[in-house]
Every structure is written in structure tokens, then in C-alpha cells.
Amino acid sequence: MNQDITVPPPSNSVHKPKLRPTLNSYFNKPTLFKAFFFCFLPFLISLFLIAYLNQSGKNSEMVLLAGFCNDSDIANVDSSESKSVPFQETRTGHACSTMGEPCISCTTFNILAPIYKRLDQQNQSVRESDFRAFWLARNKKIVNWLLYERSSIICLQEFWVGNEELVHMYEESLGAAGYDTFKLARTNNRGDGLLTAIHKEYFKVLNRRELFFNDFGDRVAQLLHVQSVAPFSINQNESVQQEIIIVNTHLLFPHDSSLSIVRLHQVYQILQYLEAYQRENKLSQMPVILCGDWNGSKRGHVYKFLRSQGFVSSYDIAHEYTDSDADAHKWVSHRNHRGNICGVDFIWLRNPHKSQKLLKISWAEAAFGIIKYQLKKVSLAENDAFAFLRADSSGNHVTYSAFCNALRQVNLTGLSHGLSFQETKDLWVQADADGNGVVDYEEFKRIWDATWLQHMDEDCSLEDSNEGIAEDEAIGFAVKKAVLFPHEVEKGIWPENYSLSDHARLTAVFSPVRLRCSKQSL
């Protein structure tokens, strides 16, 4: 008979329950698992994260920064950009043609250089430029949107010219899509600059210039003189190859009100160069488009200066907004590092023979506007302001020396970025209307009460399409549409889930129109 035989353990042995192997048991041995855990697993995890970030770009900042930052704002993704396709109905020149008329489109966008993008509000030194996966994913997304919109003209600000990989990515991607690209770095190795891209299907570049302001802020501007590749059909019998001047720039940020004069200087230099270029090349009969981040709102001196020179804001024209205070905050395009939201990105248009003041007169009026602002900022009403300017003069008038001293006290002279001696002298000549060497109260009041921002309406009207183009006619542009992205900014709201940049993209569509204009020389 078979019986189960139980063999008892040896009397000198101790029975112990069988234990599962632990991590420590493996780490105490030179095993293959140990090598895999310490060497290969971290490497595989890193590859997975990088691949994931490059493919999706979503929540990338949260994934990699969670270890040292708990700020939830870092994880903002561009859900507002993903919800809808931008500018679908008038995306490109091809789409415009389907609408029964030729047109061009223009996009301006401050793309926020990674060297300036803060990732941790508690530690301002943590910048996106230190994390390749972050800036690469964000800029790839920007490029994809630019390629989708396929504007005829693209003007970018805060382009990270100091990083060869990013520069190559933009130039290669835009070049493959049919663009000629032109970059310009800010002076003194600031790291960022401008990039202007012109689609070769629409324009050929006839000439280009680089403007260096050489003042406080190391700012620059690009000027491109382009001509349409295909003639614009004005009617069934007539077409023209339109020439345009395009300017891309990024003005100084107004860290304090004394820098307003610097920003005014920068615009003045652009307009002076434009005037000289057009005069030398006999180009008065052509539209001018100014694009960029102007770092000033519709209530600012730069806006008023440009309006006095015949420029109109394409976005405001498209949406029928006026220059009134009531319309000043209808839209925004920027949330700055102080958390304030404002509208500072513009595509300006000036048509041929647009009614405008002499540039020097407009400059003087703009400068006097800043002087008035500085005096009102210290609560000086009209009578008090005159007394302040008059200082200790024995008569009831302002002398030149008292005028210079007052400007110094409000930080408009005496600084490296203030009014120059010649500019101060020119302002004095404008103020002293009768030329007797002093400014009396009536002359002061003329400046103080001046409504120097006058609405400069078109001197041009649409011409009968059956008539030929005479000497007093020109081809200009009408604003057909202008859109800001993300769409919330068009209502004056900055979406918290938008992190593509701290600026919105602005795209405008223009169509050529025949204009009958009063003759005007530069």
C-alpha cells in the first residue's frame, strides 16, 4: 500500500516562512536588473517625455516643472487656440480670390522670446530659454499657425535671433512654404530682434533697409519695398502691379512716463526715413503698412502722432472703432509682465495722398502733448502750469532759460534719452509764435488747448471704374477684415488658458482700390 511519507526537518534546523524577494535583495547583488534600473530606465523615461512633448506640446511645463514649482499658471495650454480654426474664411490670398476680389493679408505677432518668458512668478530668473523642450514645442506651434494662416506678409517681434536652432527652424519652415525671410537683431547683443517674411507668390522684394535707432533700448526697424508679383485687377480692362512699403518694428516698453519721449523719437525716426526714402525714389504714390508691437495704446502719444500723419489702425477701421475714449479699450492684445492688459499691437495703413500734417509740426505737437501730460501728472492745472514754466521771470511770460529748466524738472531733458538741445530749440520756436523771444500766456494757451489730434480723413474717394487712371489718381488699399487671436481679446478679455505668447496675433486683409486724390508732394 502506498502511503504518504512525511519527512520531518532536521532537528537542528529552524523552519522559516518563504519570503518574496525585495528590491534590497536585488540591489545587494550585481545583477542585470540593477544596471537596468539605474542606467537604462531613466534614459527610456527621458526619451518618452521628450517625444511626448514634441508631439503634443500640451501640459509640457507642468510635466517637467512640477518638481520645483507649484505655480498652476505654468501649466497653461493654448486651449483657446485649439478650439477653433483661425481666419478660416479669409485665410490666404487664394481664399480672397474666391470672394471675387484680389487681396493680400498681413500678420503681426510678438512671439515672446524664450529669454524673456518667465516660468516661475516666484523666481523671475527661471526662463523658458533654459528648457529646450519648452521653447521648441511652443515655437513649433507658432510656426504651424503661421503656416496655416499663410499670410502674404508676416512680421514677428521678439524673435530669438541668438539661438541658431530656433532661427533655422523658422527659416527652413517658412522658406519651404514659399517665403523670403529677413531677420534683424537688436543692437548690443540683446538676444532678440525682428523677422519679416514675404510670400514669394504675392510679392517680390525690390529693396530693403535696416534702421538702428541707437538710443535707449537698442531698438531697430526693418523697411521693405515690395511689388506685387501678379497685377491687381482693378476692373475688367485694367490691372496694376502695386508697390508697397512695409515696416516692422518693436518700440521701447514705457517703464516710466519719462520714456514716452524715447518712443516718440523712435517713431519720428521711422517717419523721417520713410519720407526721405519716398522722396529720393519718387514713391509718393504708394501705400505704407507699419506693423509691430508699439508698446502704447490708443490713448498714447505714439498713436496720436501716427494718426496725425495719415495712418489708420486696420483693426479699428475693420471694426468701425473711433479714436474716442469710449472705444479705447474695446480690444486688447497684450498682457505685460506687470499683469496689465492693453492693446499695443497694430497694423497701420496709410494710403497714397492721405491727408497729413508736416512731419516736423506733428512732432512738435506730440512733444508738447508729452510736456502737458508730465505737468498734469503732478496736478498742475493750466494757470499753475504756466506759473511753473514762468518760474521766477519778472514779467508775465516764459523765457527760454525758464522753459529749459522746467523741461529738466519733469525729466524731459538732462537725460541720455531725453530731448536734445536742437529738439528743445525747435519746440521753443514753435511755442514762440510771434518770435519775440518770450512765450506769453496767449501763446502758452494755444499750446495747452491745442486739439492736435485731428481726424485726418481720406483726401481720396473711390473712383469710377470705367475711367482711366489720371495723374491725380492712385491705387491704395481698403481694409476688408482684421482679426485678433485668441478671440477673447477682441472683447477686452485676456484668456487665462492662453500661453502661446503674452501677445495676441493680429491679421488684416486688404484689397486694392482705385482712389482719386488731391495732389500733394512730400
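Look up a bit, the structure's there.
Residues numbered from 1 in each chain as written. Predicted model: local features only at pLDDT ≥ 70, side-chain atom pairs only at ≥ 80, totals over all residues. Heavy atoms only, no water.

Description of the overall build of the chain
And step 1. Summing up its helical and strand segments, the chain has 15 helices and 19 strands in all.
And step 2. Among the 522 residues that make up the chain, the fraction classed as buried is 50%.
And step 3. Taking all contacts inside the chain whose residues are at least 6 apart in sequence as the whole, residues at least 24 apart take part in 73%.
And step 4. As displayed, the chain offers around 25,400 Å² of accessible surface, 52% of which is attributable to carbon and sulfur atoms. (Helix = DSSP H or I, 4+ residues; strand = E, 2+ residues; numbered from the N terminus. Buried < 20%, exposed > 50% of the residue type's maximum accessible area, 1.4 Å probe, protein only. Contact = heavy atoms within 4.5 Å. Areas by Shrake-Rupley, 256 points an atom, 1.4 Å probe, with all protein chains shown as cover.)

Observations regarding the environment of glutamine 272
And step 1. By secondary structure assignment, the location of glutamine 272 is in helix 8 (residues 260-280).
And step 2. According to the relative accessible area criterion, glutamine 272 is partly exposed, its value standing at 38%.
And step 3. Measuring from C-alpha to C-alpha, the distance between glutamine 272 and leucine 359 comes to 7.7 Å, with 87 residues separating the pair along the chain.

What to know about the pattern of salt bridges
Pairing is possible between side chains of opposite charge, provided their charged atoms come close.
And step 1. Inspection of the entire model under this criterion finds 16 salt bridges.
And step 2. Between arginine 279 and glutamate 275 there is a salt bridge, with its nearest N and O atoms 3.9 Å apart. On the criterion of helical spacing, the pair formed by arginine 279 and glutamate 275 is a turn pair, its members being 4 residues apart in helix 8.
And step 3. When its relative accessible area of 47% is taken as the criterion, arginine 279 is described as partly exposed.
And step 4. Each of Glu382, Lys445 and Asp449 takes part in salt bridges that share partners, so that together they form one network. (Salt bridge = Lys/Arg side-chain N within 4 Å of Asp/Glu carboxyl O.)

With respect to the nonpolar core
And step 1. Ranked by internal contacts, the top residues of the largest apolar core, which has 114 residues, are Tyr170, Leu274, Leu290 and Phe510.
And step 2. In this structure, this core is formed jointly by two domains, domain 1 (104-358 + 472-517) and domain 2 (365-449), each of which donates at least three residues.
And step 3. Excluding anything up to four places from it in sequence, leucine 290 contacts Val247, Leu271, Leu274, Leu306, Phe311, Phe346, Ile347 and Trp348. (Core = buried A, V, L, I, M, F, W, Y, C linked by side-chain atoms within 4.5 Å. Domains from an automatic or database assignment.)

Digging into the sheet that holds strand 5 (residues 203-212)
And step 1. Spatially, 5-6-9-10-14-11 is the arrangement adopted by the 6 strands of the open sheet, whose pairing is mixed. Two strands bound the open sheet, and with one partner strand each, they are strand 5 and strand 11 (312-313).
And step 2. Pairing geometry for strand 5 and strand 6 (residues 220-228), over 9 bridges, is antiparallel. Bridged to phenylalanine 203 within strand 6 is serine 228. (Pairing = 2+ DSSP bridges.)

What about the state of the cysteines?
And step 1. In the structure shown here, the tally under the stated rule is 0 disulfides.
And step 2. The cysteine cysteine 106 is free of any disulfide, with cysteine 291 supplying the nearest cysteine sulfur at 3.3 Å. (Disulfide = S-S within 2.5 Å.)

Brief notes about the environment of asparagine 214
And step 1. Here asparagine 214 shows up in the loop between strand 5 and strand 6.
And step 2. Given a relative accessible area of 64%, asparagine 214 falls into the exposed group.
And step 3. Spatially, the C-alpha atom of asparagine 214 lies 9.5 Å from that of glutamine 266, the residues being 52 residues apart in sequence.

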